[in-house]
Amino acid sequence: MLGAQVARPFPLQDTQEPRSIPLFDLGRQQARLRADIDRRIARVLDHGQFILGPEVQELEAKLAAHAGVRHGIGVSSGRDALIMALMALGIGPGDAVLVPAFTFAATAGVVVSVGATPVFVDVDPVSYTMDPAALEAALADLAAHRGPIPKAVMPVDLFGLPADYAAIAAVAEQHDIVVIADAAQSFGARAPDGAVGSLAPITCVSFYPTKPLGAFGDGGAILTDDDDLAEAVRQIRTHGRQGNGDEAVRLGMTGRLDTIQAAVLLAKLSVFKAELHRREMVANLYDSLLSGAGVVTPGRGADTRSAWALYTIQLEDRDRVRDELQARGIATGLFYRIPLHRHPAFSGFLTGREDLPVAEALAGRVLSLPMGPDIADDEVAEVATTLKAVL
Ligand SMILES: *Cc1c(COP(=O)(O)O)cnc(C)c1O
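Residues numbered from 1 in each chain as written. Predicted model: local features only at pLDDT ≥ 70, side-chain atom pairs only at ≥ 80, totals over all residues. Heavy atoms only, no water.

Chemist: Sorry if this is basic, but what is going on with helix H11 (residues 318-327) here?
Modeler: In an α-helix, one turn spans 3.6 residues, which is why side chains three or four residues apart end up on the same side. Every buried residue of H11 is listed here: Arg-318, Val-321 and Leu-325. Buried residues of H11 fall within an arc of 65 degrees about the axis and therefore sit on the same side. In H11, the exposed positions angled more than 90 degrees off the buried face are occupied by Asp-323 and Ala-327. In this fold, the buried residues of H11 make contact with helix H12 (357-365), strand S11 (366-369) and helix H13 (377-390). (Buried < 20%, exposed > 50% of the residue type's maximum accessible area, 1.4 Å probe, protein only. Helix = DSSP H or I, 4+ residues; strand = E, 2+ residues; numbered from the N terminus. Arc of directions from axis to C-beta. Contact = heavy atoms within 4.5 Å.)

Below is the structure:
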C-alpha cells in the first residue's frame, strides 16, 4: 500500500489514458522536499547519534512551541505514545478507559495493552468525534453496573478535527477522570481554546507516513504541560531509566523516536504551516463543489481548524460508489468500515448494553476522498465531478 502511495501515478500529459488520483500522494511532497531531507539525513549519518541525537531535541522543542506547551517528547509511534501516556498515569488492570466507538482500532487496543478495559462511547454525527452526552451516559452505566473504575477518557481528533475538549473536560472533571488526547491524526489543528497539544493534560501524536505530519517510517510524540508526566514519559521511553542511569526506576519500554526520523520531520515541519493551509483550501473546494450533490460534507465549527488528515463524506450506497470511483481511477478510503465494538479483538470487553447507533451508521456511510497538500485544484474538481456523475 505504501508503495502505491509513493509512486508517481500520473501518466504524461499527452497520453490518452485517464489519469488516476490516489488517496494520498506522498511522492509529490517527497519531490518538493527531497534535497533538504537528503541533507538532513546525511548530517545524521555524519554525527552518528542515531538514538536521541540533536535532531530529536530540536524537533521536540519545535513541536512543543507549535502546540504552545512546555514539553514535546519524540516517541516510537502513535500507538506507543498512547501506551506510554497510560503507563505514566498508572492506568492498568481494574481501570476503565472510555474511547469513541468510531476510530482506528489502536485507540482501544492500547487500553487492552496496559491491562485496562476499553468502554465504547458513541460519536457525534456531524463532527465524527466523541459525543460528550454519550460519555456522560457511559459513565452512568459503568457506575450503575459496578464496572471497572473509570480512570481516563481518550477522545480522538478524527480525520484531523479536534474533539469537543471543553465539553469532555467538564464531564471528566465531574467524574474525576483524566483526558488523554488521541491526536494521532490532528497535529497542527486548532480549537478556539488553543492548538492541539494544549487541549488536554496529555496529547499523543502519530507521525505515520500518511498522517498530516508524516515521517519516513514510524514515529510519534507526546505533548504536555505537566512536568511530572513529561519526566515519567521520558523514563518510560528508555526502559524506565532516569536519564543515563543504569537503574530502572519504573517499568519502561523501547519508545524513542529515531534521530533519522526526527531529521525527516524537521524538513517537513519547515513547510507544515503552508501545507495545512493548502489542505484547508482543498477541503473548502470540495465543500463548494459537492454542495447540493446529496452527500454529507464534513462539519466543523467556524473557529476550529482541522488538520485535514482526511476529507470524509457520508453517502448512501457507499460501496457501489466507491467501486465505481475506483473503476474511473479515483482512489478512496474506508475509515472506518468496522466500529470498534465489532472488532474480534475487543469482543471480550463488551457488556451487551452498548448503544452506539451513530458509530454503526457511520461505518456504513463514510467515504474518504483524495486529500493532501499536493493535490491540484483540477484534480479535486475531477474527483467531485466524477463523484456526482456516479451518484
Ligand atoms: C494512526 C493512529 C494511531 C496509531 O498511530 P501509529 O503511529 O500508527 O502507531 C492511533 N490512533 C489513531 C486515531 C490513529 O489514526
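Chemist: What is the right way to read the packing of aromatic side chains from this model?
Modeler: Tallied over the entire structure, the rule returns nine aromatic pairs. Between Phe-159 and Tyr-336 the ring centres are 6.5 Å apart and the planes differ by 10 degrees, which places this aromatic pair in the stacked class. Here Phe-159, found in the loop between strand S4 (149-153) and helix H7 (165-175), pairs with Tyr-336, found in the loop between H11 and H12; they are 177 residues apart in sequence, far enough to count as distant. Using a relative accessible area of 11% as the deciding quantity, one classes Tyr-336 as buried. Considering the side-chain rings of Tyr-286 and Tyr-311, the 4.7 Å spacing of their centres and the 25 degrees angle between planes classify their relative orientation as stacked. Taken as a pair, Tyr-286 in helix H10 (residues 272-290) and Tyr-311 in strand S10 (residues 311-314) lie far apart in primary sequence, 25 residues in all. Residue classification places Tyr-286 among the buried positions, given a relative accessible area of 0%. (Phe/Tyr/Trp six-rings, centres within 6.5 Å; stacked < 30°, edge-to-face > 60°.)

These values are about where atoms sit, not about what they do.
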